[in-house]
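A closer look at the structure
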Amino acid sequence: MSLRGWQAQLGAFLLLGFMAAQTILAMKTKSPTCDEFSHHVASGYSYLVTRDFRMNPASPPLPRMLAGFPLLFLKAKAPLEDPSWQKGDSPAFARQFFEVVNNRQDEFIFWARFSIVLLSVLFGYAIFWWSRSLWGNWAGLVSLFLYSFSPDILAHSGLATSDLAVAFFFFLTLVFFYRYLNQPTAGRLVGCAVNAGLALLSKFSAVLVLPILLLTALACGRHKEILGRRAVLFLTACFLTVWAGYFFETKPLLTNTPAPEKKMTEYLKIGGKPLVYFAEKVPVPLSTFSSALVSMAYTRAAGTNAYLMGHWSREGWWYYYMIAFGLKNTIPFLILCLASLIFFRNLGVSRYLGAILLVPILFFFIFTLRDKAQAGIRYFLPIYPLFFVLASGVVVFLWKQGRILRVVVIFLLGWHATEALMVFPDYLAYFNELAGGPSNGYRYLRDSNVDWGQDLKSLGVYVRKQGYPEVVLLTLAPSDPNYYGIPARSIEEDEFQEPRRTVYAISAHFMDEALWTRDRKPDKVIGRSFFVYDARGS
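These notes cover the structure that comes with them.

About the cut-offs
- Residues numbered from 1 in each chain as written.
- Predicted model: local features only at pLDDT ≥ 70, side-chain atom pairs only at ≥ 80, totals over all residues.
- Heavy atoms only, no water.
- Helix = DSSP H or I, 4+ residues; strand = E, 2+ residues; numbered from the N terminus.
- Rg over C-alpha atoms; globule rule 2.2 N^0.38 Å.
- Buried < 20%, exposed > 50% of the residue type's maximum accessible area, 1.4 Å probe, protein only.
- Contact = heavy atoms within 4.5 Å.
- Areas by Shrake-Rupley, 256 points an atom, 1.4 Å probe, with all protein chains shown as cover.
- Lys, Arg positive; Asp, Glu negative; His and termini not counted.
- Charge placed at Lys NZ, Arg CZ, Asp CG, Glu CD.
- Salt bridge = Lys/Arg side-chain N within 4 Å of Asp/Glu carboxyl O.
- Pairing = 2+ DSSP bridges.
- Axes fitted to C-alpha atoms, helices over the stretch in contact; angles between N-to-C directions.
- Core = buried A, V, L, I, M, F, W, Y, C linked by side-chain atoms within 4.5 Å.
- Phe/Tyr/Trp six-rings, centres within 6.5 Å; stacked < 30°, edge-to-face > 60°.

**With respect to the overall build of the chain**
- A count of helical and extended segments in the chain gives 20 helices and 9 strands.
- Against the compact-globule benchmark of 24 Å for 538 residues, the chain has a radius of gyration of 24 Å, which places it among compact chains.
- Principal-axis analysis of the C-alpha atoms places the extent of the chain at approximately 65 × 65 × 45 Å.
- Going through the 538 residues of the chain one by one, you find that 58% of them count as buried.
- Contacts in the chain between residues far apart in sequence, at least 24 positions, make up 74% of those at least 6 positions apart.
- For the chain, the accessible area works out to roughly 22,600 Å², and carbon and sulfur atoms hold 62% of it.
- Averaging the coordinates of the 51 positive side-chain charges in the chain and doing the same for the 36 negative ones gives two points 12 Å apart.

**Describing the pattern of salt bridges**
- One pass over the structure, following the stated rule, counts 20 salt bridges.
- Put simply, R230 and E225 hold a salt bridge, and the shortest N to O gap is 3.3 Å.
- Note on R230: relative accessible area 38%, which makes it partly exposed.
- Classification of E225 as buried rests on a relative accessible area of 16%.

**Details of the pairing of strand β7 (residues 503-507)**
- Summarising burial for β7: 5 of the 5 residues are buried, a large majority.
- Residues V503, A505 and S507 line one face of β7 and the alternating positions Y504 and I506 line the opposite face, and both faces are buried.
- The sheet contact formed by strand β5 (residues 471-474) and β7 spans 4 bridges and is parallel. By the bridge assignment, L474 is partnered in β7 with I506.
- Pairing analysis gives 5 bridges linking β7 to strand β9 (residues 530-534), with the strands arranged antiparallel. Each bridged residue has a counterpart across the sheet, and for V503 the counterpart in β9 is D534.

**What about the sheet that holds β9?**
- In spatial order, the strands read β6-β5-β7-β9-β8; together these 5 strands make up an open sheet with mixed pairing. Whereas interior strands pair on both sides, the edge strands pair on one side only; in this sheet they are β6 (488-490) and β8 (524-526). The mean inter-strand angle of the sheet, taken between neighbouring strand axes irrespective of direction, is 30°.
- In this sheet, β6 lies alongside β5 in parallel orientation, the contact comprising 3 bridges. Bridging from a neighbouring strand, V471 pairs with A488 of β6.

**Focus on unusual backbone geometry**
- The step from F424 to P425 runs through a cis peptide bond, and the omega angle for that step is 0°.
- Unlike most non-glycine residues, L286 shows phi in positive territory, near 55°.
- As for its position among the elements, L286 is in the loop between β2 (284-285) and α14 (287-302).
- Of note in the backbone geometry, D447 takes a positive phi value of approximately 60° without being a glycine.
- Structurally, D447 can be placed in the loop between α19 (403-423) and α20 (456-466).

**Points about the packing of helix α18 (residues 384-399) against α19**
- Two numbers describe how α18 lies on α19: the axes approach to 8 Å, and their chain directions differ by 145°. Of the residues in α19, those in contact with V395, L398 and W399 of α18 are L405, R406, V409 and I410.

**Some thoughts on the pairing of β9**
- For β9, a buried count of 4 out of 5 residues is recorded, marking the element as mostly surrounded by other parts of the structure.
- Where β8 and β9 come together, 3 bridges link them in antiparallel fashion. Note on β9: the bridge partner recorded for K524 is V532.
- What sits between the antiparallel neighbours β8 and β9 is a turn of 3 residues, in which G527 has the positive phi angle 60°.

**Comments concerning the nonpolar core**
- Counting 163 residues, the largest nonpolar core has F98, W130, Y147, F171, F177 and I506 as the members making the most contacts within it.
- Considering each element in turn, this core owes the most residues, 15 residues, to helix α9 (residues 163-182).
- Core analysis: the next-biggest nonpolar cluster, separate from the first, contains 15 residues, L456, V471, I486 and V503 among them.

**Observations regarding the packing of aromatic side chains**
- Going through the model one piece at a time under the given rule, you end up with 50 aromatic pairs.
- When the ring of Y307 is compared with that of W312, the centres are 5.0 Å apart and the planes differ by 65°; the resulting orientation is edge-to-face.
- Considering the side-chain rings of W318 and Y319, the 5.2 Å spacing of their centres and the 90° angle between planes classify their relative orientation as edge-to-face.

What follows is the structure in structure tokens.
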């Protein structure tokens with residue numbers, strides 16, 4: 001069945017509108033996550049009003065400034081007189097920002113997230129446009145359909161964090177590089193470099209795009225197109241983009257930075273007094289970016305405390321992201337991804353397109369085999385659009401193979417959409433049937449895969465309805481529970497062994513901490529991330 005261009009455009013607008021509606025309705029039910037509250041929104045707003053990046057520079061500023069931009073029109077106040085500003089203490093600064101000088105937490109979080117929703121709409125249209133240019137109108141709609149009903153995409157489209165933004169600009173970098181390989185012009189190379197710079201301004205993990213571009217060029221036999229003057233042009237445009245994102249900042253490395261004493265100790269170990277003098281006295285471009293990038297490298301080398309299938313580790317598992325990808329995506333989407341690899345040669349892709357689609361996927365899976373900082377499937381979002389594009393190509397191919405395969409395709413797409421609709425509004429906690437569904441996911445993965453403190457608001461609704469006089473709270477949620485009407489207190493040492501006669505609300509991330517929960521069924525589960533136990537009758 002043929003599809004005209006205007007029909008495809010209309011279908012794309014309808015899908016994007018429905019996706020945006022899903023995301024907005026879902027995010028209104030969610031309280032701020034750890035990173036949104038403590039590190040992103042308030043910090044991003046401070047960047048805009050001061051052009052000073054001292055507040056938690058551990059992540060680049062672009063998504064934070066996008067989140068903070070709407071707050072300029074809401075006349076938000078930044079607590080620049082609070083000691084937390086001088087210290088660069090972003091959690092304390094955020095508490096002052098949300099709870100003291102403004103006290104408009106939900107309003108601010110909504111509009112901060114709305115910026116990312118708009119970015120997600122642009123992202124979806126870019127995927128539609130590129131798939132359509134490769135395999136036709138139907139492919140464009142299929143790739144957008146997969147994007148619009150992906151639980152992981154929907155989850156991060158409604159969060160004022162950096163993960164959706166880096167995935168978007170990473171994708172645009174690859175698209176521009178593909179166009180450059182086909183027709184090497186200075187304009188296309190600069191377009192690729194600017195988007196690479198925007199990706200680096202979104203998340204430091206975007207540094208992976210640089211070796212990926214090199215490997216892709218080698219796989220295409222076009223390495224000469226990225227050497228010499230072309231390399232200088234690319235790196236210059238990329239550098240200027242990143243520098244512009246920091247408002248062309250030039251300062252010494254140890255000026256206006258958190259924990260300067262700790263950093264000075266590290267510089268002393270690395271280069272002695274000359275390096276310390278340089279870091280204290282000599283202004284350099286991109287000071288904040290450079291210092292934070294090095295700190296990020298140290299953090300990832302040291303590892304983070306990750307959870308996988310009943311075990312915690314700071315060393316990580318080589319198969320962590322394979323399991324996470326297999327459990328956090330819908331089964332029909334996984335089937336289409338597998339089919340796209342099986343029938344890859346039948347899709348009629350050129351050498352350049354094949355390299356652009358496959359090299360980043362292979363690189364991500366291979367590079368992360370030794371990764372010790374395994375903080376969630378969100379780090380794999382940059383390769384999701386490549387799977388959407390590949391899957392759209394294989395759907396078009398299978399559709400042409402006869403009626404039976406058409407029925408299979410329709411079934412898989414319907415199943416994929418149903419999964420997203422069924423888990424609404426708890427997209428972050430989505431797990432497929434291989435994990436036993438969303439309610440069982442916390443047994444396999446933790447942290448941002450299921451519980452980022454996002455359900456404190458829903459817990460407040462339930463607590464007020466039940467009229468609980470006290471709730472013992474164990475959670476990652478950074479917000480003040482009183483803001484949501486929860487008469488909370490912190491859990492005490494003896495309560496990890498045995499509950500007292502009161503009500504407990506324990507978030508999924510901490511389910512191993514309270515030992516007595518192993519043999520006790522919760523009285524209520526909120527948002528698939530909070531487990532409520534009424535022990536008053538025990």
